[in-house]
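Each chain is listed here by its residues.
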Amino acid sequence: MITDYQNNIAPYQSGQFYRQELPCIMALLDKIGLSTISTIVIDGYVHLADGKIGLGGYLYHALDKTIPIIGVAKKNLAEISRI
């Protein structure tokens, strides 16, 4: 298991979940080394219904589009949009 603690996490902002999570993911990936990774699975969306990107999309771009990202979400984005 690999753990890491980050102190300077951005405060929550609706619609900008990636600002909190992406720095933490990148810090862990720095510890692992990207040469050993062929695919990343995240708890979240890669693409959003409105054409924007989710956490997975931001991660994909932060990694210079070199590693495939698979997003796994518990709810259909359309269901979340209606809440």
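These lines cover the structure that appears in this document, whether it is placed above or below.

Quick notes on the rules
Residues numbered from 1 in each chain as written. Predicted model: local features only at pLDDT ≥ 70, side-chain atom pairs only at ≥ 80, totals over all residues. Heavy atoms only, no water. Helix = DSSP H or I, 4+ residues; strand = E, 2+ residues; numbered from the N terminus. Buried < 20%, exposed > 50% of the residue type's maximum accessible area, 1.4 Å probe, protein only. Core = buried A, V, L, I, M, F, W, Y, C linked by side-chain atoms within 4.5 Å. Contact = heavy atoms within 4.5 Å. Phe/Tyr/Trp six-rings, centres within 6.5 Å; stacked < 30°, edge-to-face > 60°.

Another point: unusual backbone geometry. Most of the time, phi is negative for any residue but glycine, and the peptide bond is trans. You will see that Asp64, though not glycine, has its phi angle at about 55°, which is positive. Within the fold, Asp64 resides in the loop between α2 (55-62) and β2 (69-72). For Asp64, a relative accessible area of 63% puts it in the exposed group. Of note, the phi angle at Lys65 is positive, near 55°, even though the residue is not glycine. With respect to the secondary-structure elements, Lys65 resides in the loop between α2 and β2.

Let us now look at the nonpolar core. With 12 residues, the main nonpolar core is built from Tyr18, Leu22, Leu29, Ile37, Ile40, Ile42, Val46, Leu55, Leu59, Leu63, Ile67 and Ile69. With three residues, the top contributor of residues to this core is helix α1 (residues 18-32). When sequence neighbours within four positions are dropped, the list of residues in contact with Tyr18 reads Pro23, Leu55 and Tyr58.

The description of two aromatic rings rests on the distance between their centres and on the angle between their planes. Scanning the entire structure with this criterion turns up one aromatic pair. Both rings, one in Tyr18 and one in Tyr58, keep their centres 3.6 Å apart while their planes meet at 10°; by these two values the pair is stacked. Here Tyr58 lies in helix α2 and Tyr18 lies in helix α1, a separation of 40 residues in the sequence.

Here α2 has its buried residues at Leu55, Gly56, Gly57 and Leu59. Residues of α2 that are buried in the fold lie against α1, β1 (40-43) and β2. Asp64 lies just past α2 and shows a positive phi near 55°.

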